[in-house]
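# Structural features, examined
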Amino acid sequence: MSGQDISVREMANALRALAMDAVEAAQSGHPGMPMGMADVATVLFKNHLRFDSAAPDWPDRDRLVLSAGHGSMLLYGLLHLTGYEGMPLEALKNFRQLHSPAAGHPEYGEAPGIETTTGPLGQGVANAVGMAIAESALRARFGDKLVDHRTWVIAGDGCLMEGVSQEAITLAGHLKLNRLIVIWDDNNISIDGPLSLTDSTNQRARFEASGWATFEVDGHDPDAVDAVLAKAAASDRPVLIAARTIIGFGADKKAGTSAAHGAPLGAEEIAAARETLNWPYAPFDFPEAIAQAWRATAERGATARAAWSERFNALPAPERIAFARDMAGEVKTEIIAALSDHAAKLAADKPAMATRAASGAAIAAFHDLAPSVMGGSADLTGSNNTIVKGEPIFSADNPSGRYIHYGVREHAMAAAMNGMALHGGVIPFGGTFLVFSDYNRPSIRLAALMGVRVIHVGTHDSIGLGEDGPTHQPVEHLAALRAIPNLCVFRPCDAVETAECWSLALQRADGPSLLALSRQKTPGLRDDASSNLSANGAYELATAEGGPAQATIFATGTEVALAMNARESLQKAGAPTRVVSAPCLELFAALPAADREAIIGDAPVRVAIEAGVRQGWDMLLRPQDGFIGMTGFGASAPASALYPHFGITADAVVNAVRERLAEAVQRA
């Protein structure tokens, strides 16, 4: 028997067997979803998904997002059977084991073909919206000869129940992202039991109300699935396909029940399933004819990729260079030079301005040089200062616009930006109030885990926002964000540092960044921008004069000005004092130990000031050192009243230094 004689059901049964066997070998995992969606996935790969397993980074490939990440063995089986080198059979045999690319949930970067990290349900749906945005924007810029692909999603009931999905689908419907197709595994089962325990939503009506086209299909009828996928690809709107499936399809007693969802089927049930599916082969084994049939699915994509390469190579050199540069995520040296020149002018002029306004000026300084950078805001454009005057808006009618009005959808904005970055060709940034990082934190964490470049602009970064009160005043947020590994949190003290931090964020290709920016004005403090001092994370802004330093004051953001005022008072009182500005504690922590020690210095007294909680300052402060900041929530009042009310003042710093100097004298 040759590969041409193999039916869709036989090909799908290979996926089912691999899922059963891998989960059983690991004694951990979710076999039910891969077994239920195997027919749909087989038809998708065989007839519709455009991919080339020999060139997994082909820019014009279709993107497949497994939003229902718990069903990861479906994706791993597909990647193995279609010939992706990063997913050998040995990896499947070591499913969920240390160092295996077949992790419990798909992890971006572990193997080619894994387009995003999923597992937290709903994230993949929102990532896919971002991928579809990136595809639309790049097609408008480079034309459909280079960019002409779709984003496919396999989602489960849990993905559609998570709140982020509502934000994402309404955004996608509004933008009419017709290259986006979500296939919903409509199996009516959740971990706790029948879906009726928790949900009675008419999902098709919900999506249709948000501007989507919807279809329904028997997920175990290959011909019907083939027809509906073709219809979806021709839609002028994003599409939801409700694929009615049986979870654990083929299992003897557990099919159609929650028992097939999140645990191994067991040897007896697997043996019965092999009988039902007519699969008499040993674990992890299948006939060569089935292997040939799966390998043949990649041939269609290989032909399409070859044709694409011919079109690409025929382009004028400047177009080829621009496309390749942007897909690689390269930041032109001219952009960094423009920000350096901008910083130099600011150092000469020393303007007093809110750092959110300074951020807007920095964006304007590099904007025209960076067509791959796309900005946006969650309905706070004027407050976040994230748009350049006259910037065209990205919309269904104008996909060439470079600014997205996300609406009040912080979580979807952050997740969509992850998708844009993962797609390639786009460097996304988006703004909201820093306090609302609580809404987009799950997506920020996943960006950090994946190591993708996404830039978050968080304005109104402290009690300094004033009258909106404690609901809007970040207190614990800097500490909470700094706790996320591989996230750089920048809190610049003035316009020069703001320009430097933007430069660093744009150049940081292996992880996300967040700029925490003030509502209130702060004076210009830097008079030299000949080098990017913020790159060290912390640096000496003012030296001690009149003798060895008796105290070092550490500060970030708007509190650096207070530290400078405190230093002036201490210097006049005969206590030589230095000030260290620390715009990014993560970059400081990455310095060699000797460099960190040199910046910290050997002054006997250390005090830090920041309008937030103390957590996260341990690398600079010892237990005996002082911290001037917040210990509780803020209050509704003008910023000028709040800072003295909460004791965040230059006088408080002076007193903290004097107390510790006096204690040092007594100990001596």
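Going by the structure above, here's the rest.
Residues numbered from 1 in each chain as written. Predicted model: local features only at pLDDT ≥ 70, side-chain atom pairs only at ≥ 80, totals over all residues. Heavy atoms only, no water.

Within the protein one finds 24 helices and 20 strands. Relative to a compact globule of 668 residues, whose C-alpha radius of gyration would be 26 Å, the protein shows 28 Å and is just as compact. Structurally, the protein occupies a C-alpha span of about 90 × 55 × 45 Å along its principal axes. As presented, the protein carries roughly 24700 Å² of accessible surface, and 51% of it is formed by carbon and sulfur atoms. Averaging the positions of the 54 positive and the 75 negative side-chain charges in the protein gives two centres separated by 4 Å. (Helix = DSSP H or I, 4+ residues; strand = E, 2+ residues; numbered from the N terminus. Rg over C-alpha atoms; globule rule 2.2 N^0.38 Å. Areas by Shrake-Rupley, 256 points an atom, 1.4 Å probe, with all protein chains shown as cover. Lys, Arg positive; Asp, Glu negative; His and termini not counted. Charge placed at Lys NZ, Arg CZ, Asp CG, Glu CD.)

This part takes up the pattern of salt bridges. What the rule picks out here adds up to 25 salt bridges. Here glutamate 115 ties to arginine 61 by a salt bridge, and the two come within 2.8 Å at their closest N and O atoms. Within this pair, whereas glutamate 115 is found in the loop between helix H4 (89-93) and helix H5 (123-142), its partner arginine 61 is found in the loop between helix H2 (32-48) and strand S1 (63-66), the two being separated by 54 residues in sequence. Like glutamate 115, the residue arginine 61 is buried in the burial classification. Taken together, the salt bridges that share partners define one network made up of Glu135, Arg139, Asp148 and Arg179. (Salt bridge = Lys/Arg side-chain N within 4 Å of Asp/Glu carboxyl O. Buried < 20%, exposed > 50% of the residue type's maximum accessible area, 1.4 Å probe, protein only.)

Another point: the sheet that holds strand S10 (residues 403-405). Sheet strands associate in pairs through backbone hydrogen bonding, adopting either a parallel or an antiparallel arrangement. Reading across from one edge, S10-S9-S11-S12-S14-S13 is the order of the six strands in this open sheet, with parallel pairing throughout. Of all the strands in the sheet, the pair left with one neighbour each is S10 and strand S13 (488-490). Recorded for the sheet is a direction-independent mean angle of 20° between the axes of neighbouring strands. Pairing geometry for strand S11 (residues 427-433) and strand S12 (residues 455-459), over five bridges, is parallel. Bridge pairing in S12 links phenylalanine 433 to threonine 459. (Pairing = 2+ DSSP bridges. Axes fitted to C-alpha atoms, helices over the stretch in contact; angles between N-to-C directions.)

Looking now at the packing of H2 against helix H3 (residues 72-81). Between H2 and H3, the least distance of the axes is 9 Å, while the angle of their chain directions is 40°. With respect to each other, H2 and H3 are oriented oblique. Note on packing geometry: the crossing formed by H2 with H3 is right-handed. On H3, the residues touching Met33, Pro34, Met37, Ala38, Ala41 and Phe45 of H2 are Met73, Leu74 and Leu78. Grouping the constituent residues of the contact of H2 with H3 by class yields nine nonpolar, no polar and no charged. (Parallel < 35°, antiparallel > 145°, perpendicular 65-115°, else oblique. Left-handed = near helix turned anticlockwise from the far one by under 90°. Contact = heavy atoms within 4.5 Å. Nonpolar A, V, L, I, M, F, W, Y, C, P; charged D, E, K, R; others polar.)

Both faces of strand S14 (residues 513-516) are covered, namely the face carrying Ser513 and Leu515 and the face carrying Leu514 and Ala516. Two elements, S12 and S14, share four bridges in a ladder whose sense is parallel. Bridging across to S14, valine 457 finds its partner in leucine 515. What joins S13 to S14 is helix H19 (residues 495-507), and the crossover it makes is right-handed. (Right-handed = clockwise from strand over helix to strand, strands pointing away.)

The next thing to look at is helix H7 (residues 163-175). Each full turn of the α-helix corresponds to 3.6 residues, which orients residues three or four apart in the same direction. An ideal rise of 1.5 Å per residue puts 18 Å on 13 residues; H7 measures up with 19 Å between its terminal C-alpha atoms. All of the buried residues along H7 are Val164, Ser165, Ala168, Ile169, Thr170, Leu171, Ala172, Gly173 and Leu175. Where the residues of H7 are buried, they touch H5, helix H6 (157-161), strand S3 (180-186), helix H8 (203-209), S10 and helix H16 (410-423). Directly beyond the C-terminal end of H7, a positive phi value near 50° is found at lysine 176. (Expected span 1.5 Å × (residues − 1).)

For the pair H5 and H7, the least separation of the axes is 8 Å and the interaxial angle reads 20°. With respect to their mutual orientation, H5 and H7 come out roughly parallel. For the crossing formed where H5 meets H7, the hand is left-handed. Across from Gln123, Val125, Ala126, Val129 and Ile133 in H5, the residues of H7 making contact are Val164, Ala168, Ile169, Leu171, Ala172 and Leu175. For the contact of H5 with H7, the residue count by class is ten nonpolar, one polar and no charged.

Across its twelve residues, helix H9 (residues 222-233) extends 17 Å between first and last C-alpha, which sits within 8% of the 16 Å expected from 1.5 Å per residue. Inspection of H9 places Val225, Val228, Leu229 and Ala232 among the buried residues, and these make up the whole buried set. Seen along its axis, H9 keeps its buried residues to an arc of 105°; they face one direction. Facing away from the buried surface of H9 by more than 90 degrees, the exposed residues are Asp223 and Lys231. Contact partners of the buried residues in H9: H2, strand S2 (151-155), S3, strand S6 (213-218) and strand S7 (239-244). (Arc of directions from axis to C-beta.)

What follows concerns the sheet that holds strand S20 (residues 626-628). One open sheet holds the five strands; their spatial order is S16-S18-S17-S19-S20, and the pairing between them is mixed. A single partner strand is all that each edge strand has here, and the edge strands are strand S16 (539-542) and S20. Taking each pair of neighbouring strands and ignoring which way they run, the sheet shows an average axis angle of 30°. Sheet analysis places S16 next to strand S18 (residues 577-581), joined by three bridges and oriented antiparallel. Its bridge partner lying in S18, tyrosine 539 is registered against serine 581.

This part takes up unusual backbone geometry. The phi dihedral of histidine 460 is positive, around 55°, even though this residue is not glycine. In this structure, histidine 460 sits in the loop between S12 and helix H18 (477-482). In this structure histidine 460 comes out as buried when scored by relative accessible area, which is 4%. Although it is not a glycine, asparagine 486 sits at a positive phi angle of roughly 65°. Along the polypeptide, asparagine 486 turns up in the loop between H18 and S13. Take asparagine 486: its relative accessible area is 29%, and that puts it in the partly exposed class.

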